[in-house]
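Take a look at the letters that make up each chain.
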Amino acid sequence: QVQLLESGGGLVQAGDSLTLSCAASGLPFSIYAMAWFRQAPGKEREFVAAISWGSAIYYTDSVKGRFTISRDNAKNTGYLQMNSLKPEDTAVYYCAARLRGVVTTPSEYNYWGRGTQVTVSS
């Protein structure tokens, strides 16, 4: 059974940092692309960042220079380092995985975690 488990969310102030983790099990993590999405109340789920099995990296424009995605295949874990957080980063953050290359459309991902809440106060 495939599981993706996010952790690391919390309540922080603007300008602070957080690191999210996504622990994967039940799939050959090293050959999967992994992505982070987020969903704020009343909004659609949006792409944040992704890393391919070959470590090609993609970010949405609003987080470039502030967020860093990475993966440790030996630990079957992906990460999202978030610096200089802003109130508009407040959302539930989800990790997702798919066997083929990176795409930014949520429906193209096969596996999802349950999400972790990130709240940034001003």
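Coordinates for the structure precede this section.
Described in the following lines is the structure provided in the data block. (Residues numbered from 1 in each chain as written. Predicted model: local features only at pLDDT ≥ 70, side-chain atom pairs only at ≥ 80, totals over all residues. Heavy atoms only, no water.)

Turning our eyes to something else, we now look at the state of the cysteines. Across all of its chains, the model carries 1 disulfide by this definition. The disulfide partner of cysteine 22 is cysteine 95, and the S-S distance across this bridge is 2.1 Å. Judged by the sign of its S-S torsion, about 60 degrees, the cystine formed by cysteine 22 and cysteine 95 is right-handed. Of this pair, cysteine 22 sits in strand β3 (residues 18-25) while cysteine 95 sits in strand β9 (residues 91-98); the two residues are 73 residues apart in sequence, bridging distant segments of the chain. An identical accessibility class is assigned to cysteine 22 and cysteine 95; each is buried. (Disulfide = S-S within 2.5 Å. Helix = DSSP H or I, 4+ residues; strand = E, 2+ residues; numbered from the N terminus. Buried < 20%, exposed > 50% of the residue type's maximum accessible area, 1.4 Å probe, protein only.)

Judged by how many residues are buried, β9 sits mostly within the fold: 7 of 8 residues are covered. Sheet topology places strand β4 (residues 33-39) next to β9; 7 bridges connect them, and they run antiparallel. For arginine 38, the partnering residue across the bridge sits in β9 and is tyrosine 93. Relative to strand β11 (residues 116-121), β9 is paired through 3 bridges, and the arrangement is antiparallel. Bridging from a neighbouring strand, alanine 91 pairs with valine 118 of β11. With 2 bridges connecting them, β9 and strand β10 (residues 111-112) associate as antiparallel partners. Bridge pairing links alanine 97 to tyrosine 111 in β10. (Pairing = 2+ DSSP bridges.)

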